[in-house]
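A look at the structure
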Amino acid sequence: MSETGNRLRKLLESPNFDPQSYVKQLSQQSDGDRDLQEHRQKIQNLADETAQNLKKNVYKNYRQFIETAKEISYLESEMYQLSHILTEQKSIMESITQSLLSTDKDETSKEMQAAFPKETEELKQRTLTSLLEKVEGAKNIMDIPGRHLVYNGDLVEFDVDNMSPIQKVHAFLMNDCLLIATWLPNRRGTVKYKYNALYDLESFAVVNVKDNPPMKDMFKILMFPDSRIFQAENSKVKKEWLEILDETKKNKASKEKHKKEEEVPTSPVRAEVSTNPFDMEDEETVESEDGVDLSLEWIQELPEDLDVCIAQRDFEGAVDLLDKLNEYLKDQPATPRVKELRAKVDERVRQLTEVLVFELSPDRSLRGGPKATRRAVSQLIRLGQSTKACELFLKNRAAAVQTAIRQLRIEGATLLYIHKLCNIFFTSLLETAKEFEMDFAGNTGCYSAFVVWSRSAMTMFVDTFSKQVFDSKESLSTAAECVKVAKEHCQQLTEIGLDLTFTLQSLLVKDVKAALQSYKDIIIEATKHRNSEEMWRRMNLMTPEALAKLKEEMRSCGINFQLYTGDDCWVNLSYTVVAFTKQMMSFLEEGLKLYFPELHMVLLESLREIILVAVQHVDYSLRCEQDSEKKSFILQNASFLHDTVLPVVERRFEEAVGKPAKQLQDLRKSTRPVRINPDSTTSLV
């Protein structure tokens, strides 16, 4: 590097370098632009050289960067292993301590049992009463006779979703239920807790939660469909809770089973004969109450079997069990035991209904089509929830159709997009209708809901259709093709007796009317513009190919054009009249594709206004033209419009619509070209 470059580098690297003062000093010392350009080049060279040196240093030290990163990774791995070893040692030490404490506790318990007699039930109840006096809102818990305290202690409740601590609670385990009370922040006298929840021992299950530091010493209580997580003070207390809860649940189940066995007589007892008629009535009442045998094994296990079926998503099995129970209890008296069984079963029915409703919710996966909902719908109908099943089924299908349309890729070509849109929508509608007819065949009252849903679905389809076809200002020919495609797809629904053609037309009539009127205005403006430049000269197509193409276009429109072609490539009509004829016939064909009965007068009036513009121009030209040859040529063009074009328009309209175009007939009669006098003065009357 040169000496000047070194000085410049030292200047820029100095800690007291001020860019503004440097630039000001440089502009004062320079003689002109050339000096500034040279100095700028020096700074640029210095920047390039610095960047090059930086790249070289990076490449030079690249291996050192990689080796350092590897060393850091190795160190991190070793630290993790060391932490894991320490955690394992800690767990081993805690387990040894717990085993020693458990042994001591067992020995102490045996000594206490030998030294003192077993607590009486009355003492346990007094203990529970004294504890419940500290709980606000728990006065009525001791109303049930025989209820006593088994175990109690402090726990910390955690949130099930994010595992964050919620509140500190105190749990009271009794011989038939579990009471959860929260701590009061502001204590009032002896009251320390507030009533939170009371769970029957049969209504929940206890699950051990595996330790995952720092989340440890936890267990979960499952009450379908909810759950709660509690943390004990240490692993020893957690173990005690799990063991005592399990033992208490088993004790209660065995007591209830023993009680039921005692209620069922083991051998028939011969009743004493009484001559008192009132005693006979009492005996008949007792016999009727005991006539329902609820001691059968499948009835005793029915609530638990329903829970298993719901948990395993065996909806058919659950409904079969319910049908079996209903058939068994049919025409049976509503004894207290039957009512109790009904209450337990009704709770399971509510849970089953909630699960089936969730299966049909739009939040679930919408793949699989309408058949994927058949399982849940059929079981809801069997449960007597046909109205809810119908509502959820239609909501599910509406969300599926809407999602399918939203996922449809918008192509550049509008007609291609409309083909895909119609295929998706009407195919989904047809499949939904077939599935609805299959699922709700015996529920005719639901069909009106399907008709209403079909109209709302069609409204959603037309909104998407109109945004793509009419709001984007597509040509009338494209709009006509798109509407034609939609009509053809809509006709497919008549296969199952569902005709939505009128609904489709009524929803599209506003946009189609606006499109017809807009295109009519465009044709009128274009015709007026051509009329302003009209020279009334014969049309020369220059080549035979162009003449043949024009003849073919006119023939496809139904116009006999052979009479108006001359020698070579000449046409005995003006360019304005030929262009007008082609444009009007195109408008007629596109308008007929868009035709609805509601648009009959709109299309007729549009055609009348377009034709009237051309007729008025011809009439004005005949009145103003002085040259007899041009008058004759104008009259020939007028005759072409009156005798050839207008009859074709009337005939084509009547063929497509099935009604005569009276307004066009009246217009043709009122514009008949005539010769007024022999001096070649002509006019349209």
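Sequence positions are assigned chain by chain, starting from 1 and proceeding in written order. Residue-level local features of this predicted model are given only where pLDDT is at least 70; pairs of side-chain atoms are given and counted only at 80 or more, and the full residue set underlies all totals for whole chains, interfaces and linings. To get the side-chain values, all heavy atoms of the structure are used, and hydrogens and water are removed first.

The condition is simple: UniProt positions are given in the numbering used here, feature names are shortened, and annotations may be inferred rather than shown by experiment.
Taking an unreviewed UniProt entry as the reference, the chain is identified by name as Exocyst complex component 8 belonging to Xiphophorus maculatus. Recorded in UniProt for the chain, the comment headed Function (unreviewed entry) runs: "Component of the exocyst complex involved in the docking of exocytic vesicles with fusion sites on the plasma membrane." Looking at the Sequence similarities (unreviewed entry) heading of the UniProt record, one finds this comment for the chain: "Belongs to the EXO84 family."

1. Comments concerning the overall build of the chain
Heads up, the rule is: A run of H or I in DSSP becomes a helix once it reaches four residues, and a run of E becomes a strand once it reaches two; helices and strands are each numbered from the N terminus. Throughout, exposure labels follow a simple rule: accessible area from a 1.4 Å probe, protein chains only, divided by the maximum for the residue type, with under 20% read as buried, over 50% as exposed, and the rest as partly exposed. Contacts: residue pairs with any heavy atoms within 4.5 Å of one another.
When helices and strands are tallied, the chain shows 22 helices and 12 strands. Burial statistics for the chain: of 685 residues in total, 35% are counted as buried. Of all intrachain contacts in the chain linking residues separated by at least 6 positions in sequence, the fraction that spans at least 24 positions is 64%.

2. Points about the packing of aromatic side chains
Applied cut-off: Centres within 6.5 Å make a pair out of two Phe, Tyr or Trp rings, where for Trp the six-membered ring is used; the pair is then stacked when the planes are under 30 degrees apart, edge-to-face when over 60, and tilted otherwise. Only when the NZ atom of a Lys or the CZ atom of an Arg is both within 6 Å of the ring centre and within 35 degrees of the ring normal do we say a charge sits over the ring.
Summed over the entire model, instances satisfying the criterion amount to 20 aromatic pairs. Taking the centre distance of 6.2 Å and the plane angle of 40° together, the rings of Phe219 and Phe230 count as tilted. Residue Phe219 is located in strand β7 (residues 218–223), and its partner Phe230 is located in strand β8 (residues 226–231); the two are separated by 11 residues in the primary sequence. On the accessibility criterion, Phe219 (1% relative accessible area) is buried. Clustering of aromatic rings is evident, with ring pairs tying together Phe393, Phe436, Phe440, Tyr447, Phe450 and Trp453. A cation over a ring is seen here: Lys168 above Trp183, with NZ or CZ 4.5 Å from the ring centre. Positioned over the ring face of Trp298 is Lys324, at 4.4 Å from the centre of the ring.

3. Overview of helix α13 (residues 386–406)
Helical geometry note: an α-helix holds 3.6 residues per turn, so side chains three or four residues apart project in the same direction. Note the threshold: A helix is expected to span 1.5 Å for every residue after the first.
End to end, α13 covers 30 Å across 21 residues, agreeing with the expected 30 Å (1.5 Å per residue, within 8%). Taken together, the buried positions of α13 are occupied by Ser386, Ala389, Cys390, Leu392, Phe393, Leu394, Asn396, Arg397, Ala399, Ala400, Val401 and Ile405. Where α13 is buried, its residues touch α11 (336–359), α12 (374–382), α14 (414–439) and α15 (447–469).

4. Overview of the pattern of salt bridges
As a reminder of what qualifies: Every case where a carboxyl oxygen of Asp or Glu lies within 4 Å of a side-chain nitrogen of Lys or Arg is listed as a salt bridge.
All chains considered together, the criterion is met by 25 salt bridges. Measuring nitrogen to oxygen at the nearest pair gives 3.7 Å for the salt bridge that ties Asp211 to Lys238. Note that Asp211 is positioned in the loop between β6 (205–209) and β7 and Lys238 in helix α6 (residues 235–263), a separation of 27 residues in sequence. Looking at Asp211, the relative accessible area reads 39%, which means it is partly exposed. The residue Glu316 makes a salt bridge to Arg375 at a minimum N-O spacing of 2.9 Å.

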